[in-house]
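# Secondary and tertiary structure notes
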Amino acid sequence: MKLIYEKSSPGRRASTLPSYDVPGVEVPPELAREEPPRLPEISEPELVRHFTELSTRTFGVDTGFYPLGSCTMKHNPRVNERVVNLPGFRDLHPLQEAEGAQGALELMWRLQNELAEVAGLPAVSLQPAAGSQGELTGLMLMRAYFADRGEQRHKVVVADTAHGTNPASVTMAGFELQKVETDERGNIDVAHLREMVDGDTAGLMLTNPSTLGLFDEHIEEIAAIFHEAGALLYYDGANLNAVCGISRPGDMGFDIVHFNLHKTFSQPHGGGGPGGGPIAVRDRLEPFLPVPAIVREGEAFRFDYDRPKSIGKVRGYYGPFGVFVRSYAYIRSYGPALREMSEVAVLNANYLLARLKDAYDLPFDRLCMHEFVLSARTLKKEHGITALDVAKRLMDYGFHPPTIYFPLIVPEALMIEPTETEAKETLDAFADAMLEIARDAAESPDVIKEAPHDRPVRRVDEVKAAKRAVVKYGFEDHPDLTKESSEARELEAQKGA
Amino acid sequence: MSQLSLTDRDREEMLAAIGVSSVEELFRDIPEGVRFRGDLDIESALSEQELVAHLEELAAKNVHTGAELSFLGAGIYDHYVPAVVDAVMQRGELLTAYTPYQPEMSQGVLQGIFEYQTAICELTGMDVSNASGYDGATVAADACYVAKHVTGRSKVVLAEAVSPQVRQVVKTYAPGFGLEVVDVPHRDGATDPDELGEAARDAACVIFQQPNFFGVLEPAPDLAAAANEAGALSVAHVDPLSLGVLEAPGAYGAALAIGEGQPAGNYQAYGGPHYGFIASRADYVRRMPGRIVGETTDVDGKRAYVLTLQTREQHIRREKATSNITTNQTLLALAGLAYLSWLGPQGLREVGETCMGLAAYAKERLGLPLLFPDQTTFKEFAVRVGRPAEEVVREACAKGVHPGYALKRDYAGVEDALLVSVTEKRTPADIDRLAEVLAT
Amino acid sequence: MAAAESYPDELRYHSEHDWARIEGDEATLGVTWFAQDALGELVHYEPPEDGSDVARGASYGEVESVKAVSDVIAPLSGTIVAVNQKVVDEPETVNADPYGEGWLVRIKLSTPSEVDELMDAEKYKAFVAEQ
């Protein structure tokens, strides 16, 4: 498929603009543009065809089953798209006077209340733009909290199964990272934890259920260890889809929680974003929340900027408002029975686990929550078929692969999260495919090794991509990588999120 | 429940296959002490049509730019979003795809991002762009993180004429990065290169905005040179819609170019979601935060696109990552690409010229004293209304006209200053109406 | 294209999977077969500056593959007298020939007694077997 720049032709143009009878203005010559940017020159029909073609070369939840572990690829309700495009939301300027934005303020205030209830923690900020920004905000809150108490604490504990954003956020917030191990039952190793928590510990970052899809059975003890040391607990909400209305992070002992609105609360993933990462906190952390807060006075809503202990702003304006509209609509479509979403998510995952656990290695033999981890370790040892190969072969069956090579503590990991919106027929078709791949590994491994067979491209050369680092179109100087060495190279495993 | 596909019979069969008698049993590992019983205290469930009615009611309480004549800008702008952008954003595959970690499943998104990266490099005159940042404020924090690692220095300099949102976000991130932040005041609405250069001497980077928050054209080449000479990275925060008429930061020696993408193809949406952009010279490619798409070939020798240089990112590098960003703003960036492709180079220049022309007409027509009379401006300018600006705003809004932003909300000593923004969506007749309202 | 596994006897080894070839008061440094195998094909080498100092146990540069970035740890202290430009230009040289053409830097030793604390080939092979 050609790049849009390769479809350009000088003089073609899709836009029509109004022109007015007002005098032109000269830009001072030292500030004026000399060479115009080489944007595409394309007509509207060609433009629409181009983006349509891009979309047909992309697999979304709308296309088929997408069991990426820890991503919660659930169906995105279409009514959300209708309401987010109401002009009263879509065309509202963020600096509009509060009196002229009461509907927006009210929606945000109501969403805050719903999220507080799900978290079991009273104070909420909707500002962070994504889960990892929520994490960073939570860590900044920790730092501000201890500074306010005159305490110097430098260390944050993270599980060895943690998502990569956790250690990265810890560093960006200026803390030192400590890693705690997971035991053979898939819980945090409490003995190992006791050794490392002391007066220099600021807190713990944990998701529960973990990235293994397992609920930590010792969570109450873990919370006590940190609280007794005067430290805080941070909940990574990536796996919240398992426990909404079933167990609340605040009740588990967590002091700060972030939500992933694009996981649990149906904001579409958009090919990589946008998302939303609001946080909920205990009362004693409320003064440090980002500014402004949203407050209600009688029937009216307004912003409160008078927050002297606030950490400041982590993002422009109030957060990704369009994402709030969708998440609020989503929660209102379930109402108080939101727990049904999690019950079915967990049921779907356990059903798939039951169908697959004998054909693949199971690192932890327990009931799972909303996701589970299998290993292709035996397939690799006996037939040379890796988790990567399984993933590529699944594409031939019309499925998006699960997350692979994560969490890091399981070799040849396949992390599978079906979500609650899938039909039993889909789960059965996926299980049948996985079983067939396990059989083919022994009988016809080549067909797996050479997968996928039918996608727009087949396995790509990541080494060439990193070495050549061609990250934009070079116009006349664009290199032709298809003419460069095309020997079969050993391709590297791709890490999932 | 319309979002769930299981029937009662399905559930029975599945429970049997798992070997439990109820869904409740699936949660037996959760200690009773943390088990929530009963219903959440959440508002009642609504059917689809009730949901739409409820949200329409909330939306109706907002005064949007279709409901009043608006000259409000100050960082987010009422530019025209063409219908092709809507068409692109609604394609289900693009809307509902995940981050393209499996390139065989995502060539469309990957190629789209590659094209977006190219467009940003073309606009800014840079060699490498990432796949988008959260917004125009957080990319400034990202730029500081890059500069810290490149220079080893621990101070950043911000021109005071940079958007208050941007400066506040940088100041929030700075302590965690171990960075000190210094503001350089504006002089009559612009930034003095010598003063900036002086402050930059031990700085990791200097951030200035072009056009600046007051709509004023800064001496950008001199500001970049002053920073470069002091050994600090020069970071230009730019309006993408100005880059058809104003010189690209790369052409005047800036090290990084950042900005808010909203004016180029996104609706205002009460502040988000939008996309931030960040682009740099080739030297810094391995320091760039976030995702980058690169070109390569597949086993059959076909051209293909893939996320590359991922070792910089959180999911491999973990605590040494260049950023913690995972989810970014892809769909909004693709909307930006669609918009810039719709405009084309000729259209980009025209929209810039039109905004400048209309703004100049408005300055003339309003006949109010300018806050910075000696400065050249782009699509915004500040006037003095002779009494507290917030009062003037309230009164004008009551007449269906939003006249602009009261600068006293962010700056001292400008009680009666109003920042008026004029985009290609306003007509000379609209401007006449504004003049009428402000004259009373 | 990667070399066969080997750990030459004449070299000395460090627990961070680096080797040193001692030549009088200078040493040539690189990463071992084990390191290049764990990383995969190298795509980038970020070298130190000529003339800069390195300290034993500290990082003096980075090597990068598609799946990981790794600090290169100095097994000995000294001053950089040469950087291998061939590896900068063709990082995969390290995979093909980690002990020959794939050398990374040459240093002038500041504390020659540190050599005694490095492992010989036998010890290092045993160390690798435990990884």
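Residues numbered from 1 in each chain as written. Chains lettered and ligands numbered in written order. Predicted model: local features only at pLDDT ≥ 70, side-chain atom pairs only at ≥ 80, totals over all residues. Heavy atoms only, no water.

### Digging into the packing of helix α10 (residues 321-334) of chain A against helix α2 (residues 48-60) of chain B
Packing of α10(A) against α2(B) leaves a shortest axis separation of 11 Å and a crossing angle of 140°. Here α2(B) runs oblique to α10(A), going by the angle between their axes. Once α10(A) is placed against α2(B), the crossing between them reads as right-handed. Taken together, the residues of α2(B) that come into contact with α10(A) (itself represented by V325(A), Y328(A), A329(A), R332(A) and S333(A)) are L51(B), H54(B), L55(B) and L58(B). Its residues placed into classes, the contact of α10(A) with α2(B) shows six nonpolar, two polar and one charged. (Axes fitted to C-alpha atoms, helices over the stretch in contact; angles between N-to-C directions. Helix = DSSP H or I, 4+ residues; strand = E, 2+ residues; numbered from the N terminus. Parallel < 35°, antiparallel > 145°, perpendicular 65-115°, else oblique. Left-handed = near helix turned anticlockwise from the far one by under 90°. Contact = heavy atoms within 4.5 Å. Nonpolar A, V, L, I, M, F, W, Y, C, P; charged D, E, K, R; others polar.)

### Let's talk about the domain arrangement of chain B
Residues and elements named next belong to chain B. According to the domain assignment, chain B contains domain 1 (69-80 + 345-439) and domain 2 (85-337). Look at where the C-alpha atoms of domain 1 and domain 2 centre, and you get two points 27 Å apart. On the domain 2 side, the residues contacting the 28 residues of domain 1 number 29 residues. Across the domain 1 to domain 2 interface the summed buried area is about 2200 Å²; carbon plus sulfur atoms make up 66%. In terms of surface lost to domain 2, no three residues of domain 1 exceed F372, F378 and Y411, which account for 30% of the buried area on that side. On inspection of domain 1 and its partner domain 2, the count reaches one salt bridge. (Domains from an automatic or database assignment. Buried area = accessible area lost by both parts, 1.4 Å probe. Salt bridge = Lys/Arg side-chain N within 4 Å of Asp/Glu carboxyl O.)

### Observations concerning the interface of chain A and chain B
Between chain A and chain B, the residue contacts involve 209 residues of the former and 186 residues of the latter. Summing the contributions of chain A and of chain B, the shared interface buries around 17200 Å²; its carbon and sulfur component is 62%. Put simply, chain A and chain B have 14 salt bridges between them. In terms of residue class, the side of chain A that touches chain B is built from 111 nonpolar, 50 polar and 48 charged.

### With respect to the packing of aromatic side chains
Residues and elements named next belong to chain A. Scanning all chains against the criterion turns up 37 aromatic pairs over all chains. When the ring of Y330 is compared with that of Y334, the centres are 5.5 Å apart and the planes differ by 70°; the resulting orientation is edge-to-face. Of this pair, Y330 and Y334 both sit in helix α10, four residues apart, roughly one helical turn. Using a relative accessible area of 1% as the deciding quantity, one classes Y330 as buried. Judged by its relative accessible area of 5%, Y334 is buried. Their ring planes at 80° and their centres at 5.5 Å tell us that F399 and F430 sit as a pair that is edge-to-face. With F399 in the loop between α13 (387-396) and β11 (403-404) and F430 in helix α14 (residues 424-443), this residue pair connects regions lying 31 residues apart in the sequence. (Phe/Tyr/Trp six-rings, centres within 6.5 Å; stacked < 30°, edge-to-face > 60°. Buried < 20%, exposed > 50% of the residue type's maximum accessible area, 1.4 Å probe, protein only.)

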